[in-house]
Amino acid sequence: MCGICGFTWDDQNLIRSMGDKIKHRGPEQEGFYIDDHVSLCCERLKILDLRETAKQPQHNEDSSIWVVLNGEIYNFRELRKKLEKNHTFYTNSDTEVILHAYEEYGEDCVNHFNGMFAFAIWDTNKKKLFLARDRLGVKPLFYCSMNGNLMFSSEIKSILQLEEIKRKLNFNALSQFLTYAYTIDGQTLFENIYELLPGQKLIYSFEDRTFKISNYWELNLRKSNDSESLTIEKLEKYLKKSIKLRLESDAPVGALLSGGLDSSIMVAMLSKITDEPVKTFTTGFGHELDEYREAKIVADHCSTDHTEIELSYKKL
């Protein structure tokens, strides 16, 4: 998990204040890019390429394009092989792949990514800011527009560091939340602060100080006539492929295990495809509903390196 934020003017103090508010998302490395048009920040949690040279924001060959990323591009190695024919890389990170994919494919680069991501690209030549969020909205991204400018961040409290943004309750969003347990159209509980929805991209142009949001992906449900056995076979194949993609890391890999169906299946399949025992972690709160017992059954069955963590109110 990382934290990204930025806005469409230069203000070193504000961007540092915004970064401080999301530092818990990425406490290992902090980076900034500031020019006359934009201010960008990334609070990074290191996953791929742990060197100082891989810190964000990252740039292309001539430093005309910059990017900040929260997330992971699972197919970055495959993309990199294609892009190396025309582009020079200076890191081994998945973040840099976004840069060169943008150079190669433009805004359509987002259609080439398999991953969970929220990123911002600043194109100094075309004078535009390009934001995008992954297809299912795993990584958060919020934005606010005022007086022809745009702000964005991984968390709302970072945006609220600008004093001009009033902390007014959005009653329409509150009504949605009380009805559905979530907001349905990108509104948040704060007036004039919105969530970029899953599968959307946002383009901000400095020429006319306006932005446009569009969908680059939508969920397409189709009825299947496959038999139950074939469906199970396909599901296992997709799950195994998905888990293998997520094992790509230069940092130690572990799994959160609740003892429920989802995490238990994940840990079981992970145990089959890794040589070393999987490191699993279960959190409880000193409550009768804690799932230590269920998680321990799965951990023992899969012979994992299991750790139980208790978070009580006294420790918080």
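None of these values were measured; they are calculated from a predicted model. (Residues numbered from 1 in each chain as written. Predicted model: local features only at pLDDT ≥ 70, side-chain atom pairs only at ≥ 80, totals over all residues. Heavy atoms only, no water.)

(A) Representation of the overall build of the chain in the model. Along its length, the chain carries eight helices and 15 strands. Its C-alpha atoms give the chain a radius of gyration of 21 Å, near enough to 20 Å, the size a compact globule of 316 residues would have. When the backbone C-alpha atoms are referred to their principal axes, the chain occupies close to 60 × 50 × 45 Å. For the chain, the residues scored as buried account for 44% of the 316 residues in total. Roughly 17,600 Å² of accessible area belongs to the chain as shown, and the carbon and sulfur atoms make up 51% of that amount. (Helix = DSSP H or I, 4+ residues; strand = E, 2+ residues; numbered from the N terminus. Rg over C-alpha atoms; globule rule 2.2 N^0.38 Å. Buried < 20%, exposed > 50% of the residue type's maximum accessible area, 1.4 Å probe, protein only. Areas by Shrake-Rupley, 256 points an atom, 1.4 Å probe, with all protein chains shown as cover.)

(B) Quick look at the sheet that holds strand E14 (residues 279–284). Ordered by their spatial adjacency, three strands build an open sheet running E13-E14-E15, and the pairing between neighbours is parallel. Looking along the sheet, the strands with just one partner apiece sit at the ends: strand E13 (254–256) and strand E15 (305–310). With direction set aside, neighbouring strand axes in the sheet form an average angle of 25°. Relative to E14, E13 runs parallel, the two being bridged by three bridges. When the bridges of E14 are listed, Leu256 appears paired with Phe281. Together, E14 and E15 form the strand contacts of helix H8 (residues 292–302), whose direction differs from that of E15 by roughly 170°. (Pairing = 2+ DSSP bridges. Axes fitted to C-alpha atoms, helices over the stretch in contact; angles between N-to-C directions. Contact = heavy atoms within 4.5 Å.)

(C) Representation of the packing of aromatic side chains within the structure. Applying the stated criterion across every chain yields a total of twelve aromatic pairs. Ring centres of Tyr33 and Trp66 lie 4.3 Å apart, and the angle between their planes is 25°; this geometry places the pair in the stacked category. Here Tyr33 is found in strand E2 (residues 29–34), whereas its partner Trp66 is found in strand E5 (residues 65–73), with 33 residues between them in sequence. In textbook terms, an aromatic cluster arises when at least three aromatic residues are bridged by ring pairs, as seen for Tyr102, Phe113, Phe117, Phe119 and Phe130. Over the ring of Phe32 we find Arg16, and its NZ or CZ is 4.3 Å from the ring centre. (Phe/Tyr/Trp six-rings, centres within 6.5 Å; stacked < 30°, edge-to-face > 60°. Lys NZ or Arg CZ within 6 Å of the ring centre and 35° of its normal.)

(D) Representation of the pairing of strand E11 (residues 200–205) in the model. Counting buried positions along E11 yields five of six residues, so the element is predominantly enclosed. Pairing of strand E7 (residues 128–133) with E11, which is carried by five bridges, proceeds in the antiparallel orientation. Paired with Ala132 across the strands is Lys201, a residue of E11. In this structure, E11 lies alongside strand E12 (residues 210–215), joined through six bridges in antiparallel fashion. Paired with Gln200 across the strands is Asn215, a residue of E12. In sequence, E11 turns back onto E12 through a hairpin of four residues, with Arg209 there showing a positive phi of about 55°.

(E) Main features of the pattern of salt bridges. Enumeration over the complete set of coordinates arrives at 16 salt bridges. Residue Asp20 is joined to Lys23 by a salt bridge in which the shortest nitrogen-to-oxygen separation is 3.9 Å. On the basis of relative accessible area, Asp20 is assigned to the partly exposed category, the value being 49%. Exposure remark for Lys23: the relative accessible area of 30% places this residue in the partly exposed category. A salt bridge links Asp226 to Lys234; the shortest N-O distance between them is 2.7 Å. Here Lys234 falls in the partly exposed class, since its relative accessible area comes to 32%. A network of salt bridges, in which partner residues are shared, links Asp20, Lys23, Glu30 and Glu43. (Salt bridge = Lys/Arg side-chain N within 4 Å of Asp/Glu carboxyl O.)

(F) Expanded view of a negative patch on the surface. The grouping of Glu61, Asp62, Glu103 and Glu104 at the surface amounts to a negative patch. Position of Glu61 relative to the elements: it lies in the loop between strand E4 (58–59) and E5. (Patch = residues over 30% accessible without salt bridge, like charges linked within 9 Å, V, L, I, M, F, W, Y side chains within 5 Å. Lys, Arg positive; Asp, Glu negative; His and termini not counted. Charge placed at Lys NZ, Arg CZ, Asp CG, Glu CD.)

(G) Structural view of the sheet that holds strand E8 (residues 142–146). Taken in spatial order, the six strands make up an open sheet running E2-E3-E1-E9-E8-E10, and their pairing is antiparallel. Only two strands of the sheet have a single neighbouring strand rather than two, namely E2 and strand E10 (193–195). Recorded for the sheet is a direction-independent mean angle of 15° between the axes of neighbouring strands. Strands strand E1 (3–7), E2, strand E3 (39–44) and strand E9 (149–153) of the sheet are contacted by helix H1 (residues 12–21), whose axis makes an angle of about 155° with E1.

(H) Focus on the side chain of Asp49. Tracing the backbone shows Asp49 in the loop between E3 and E4. Looking at Asp49, its side chain comes within polar contact range of the side chain of Arg51, at 2.8 Å. Reaching out from Asp49, the side chain makes a polar contact with the backbone nitrogen of Asn92 at a distance of 2.7 Å. When residues no more than four places from it in sequence are discounted, the contact partners of Asp49 are Arg44, Ala54, Thr91, Asn92, Ser93 and Asp250. (Polar contact = N/O pair within 3.5 Å; in protein donor to acceptor, adjacent residues only side chain to side chain.)

Just distances and angles here, no functional claims.
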